[in-house]
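Coordinate inspection notes
So you can see what is in the structure, the chains are spelled out below.
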Amino acid sequence: MPTIRTTMRPDQEIDVDDAEYLDLQRQGLLVEEDSQEDVPPATAAPAAPEVPPQPAAVAPKKTGPTKES
């Protein structure tokens, strides 16, 4: 039984049978380990803070002719 790491959970090693191994390999879901490097736990960079929406620029009101007579 091969012990593998998948791209979905690279921090966990799982034992699979030969048929499952070939299926995961065919789908491209196996982590290819180069030179026996340790795969660090799956961590993500913190998300960038959301920029609060900016108020729309308000155009000055146009004043039309007035009735002052």
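Residue numbers restart at each chain and count upward from 1, following the sequence in its written direction. Predicted model: local features are reported for residues with pLDDT of at least 70 only, side-chain atom pairs are reported and counted for 80 or more only, and whole-chain, interface and lining totals are derived from all residues. Computation of side-chain values: all heavy atoms of the structure, hydrogens and water removed.

Re the nonpolar core
Listed in full, the five residues of the largest apolar core are Ile 4, Val 16, Leu 24, Leu 29 and Leu 30. We call two residues contacting when some pair of their heavy atoms lies within 4.5 Å. Setting aside anything within four residues of it in sequence, one finds Leu 29 in contact with Arg 5, Thr 6, Thr 7, Met 8 and Leu 24. Joining through side-chain atoms within 4.5 Å is the link that ties buried Ala, Val, Leu, Ile, Met, Phe, Trp, Tyr and Cys residues into a set, and such a set is a nonpolar core. In this scheme, a residue with accessible area under 20% of its type's maximum is buried, one over 50% is exposed, and one in between is partly exposed, where area comes from a 1.4 Å probe on protein chains only.

Re the confidence of the model for the chain
With 72% of its residues at a pLDDT of 70 or more, the chain has an overall mean of 77. The weakest mean pLDDT in the chain belongs to strand β1 (residues 3-4) at 88; the strongest belongs to strand β2 (residues 14-15) at 92. Residue-level confidence of the predictor is summarised by pLDDT, bounded by 0 at the bottom and 100 at the top. The way it works is that DSSP assigns letters per residue, a run of H or I at least four long becomes a helix, a run of E at least two long becomes a strand, and they are numbered from the N terminus.

Brief notes about the pattern of salt bridges
Salt bridges are defined as contacts in which a side-chain nitrogen from Lys or Arg sits within 4 Å of a carboxyl oxygen from Asp or Glu. This structure, assessed with the given rule, holds two salt bridges. The salt bridge partner of Arg 5 is Glu 13, with a shortest N-O separation of 2.8 Å. Residue Arg 5 is classed as buried on the basis of its relative accessible area of 13%. Arg 26 is the salt-bridge partner of Asp 23, the closest N and O atoms lying 2.5 Å from each other. With Asp 23 and Arg 26 both in helix α1 (residues 18-27) and three residues apart, this pair spans about one turn of that helix. Overall, Asp 23 belongs to the partly exposed group, its relative accessible area being 31%.

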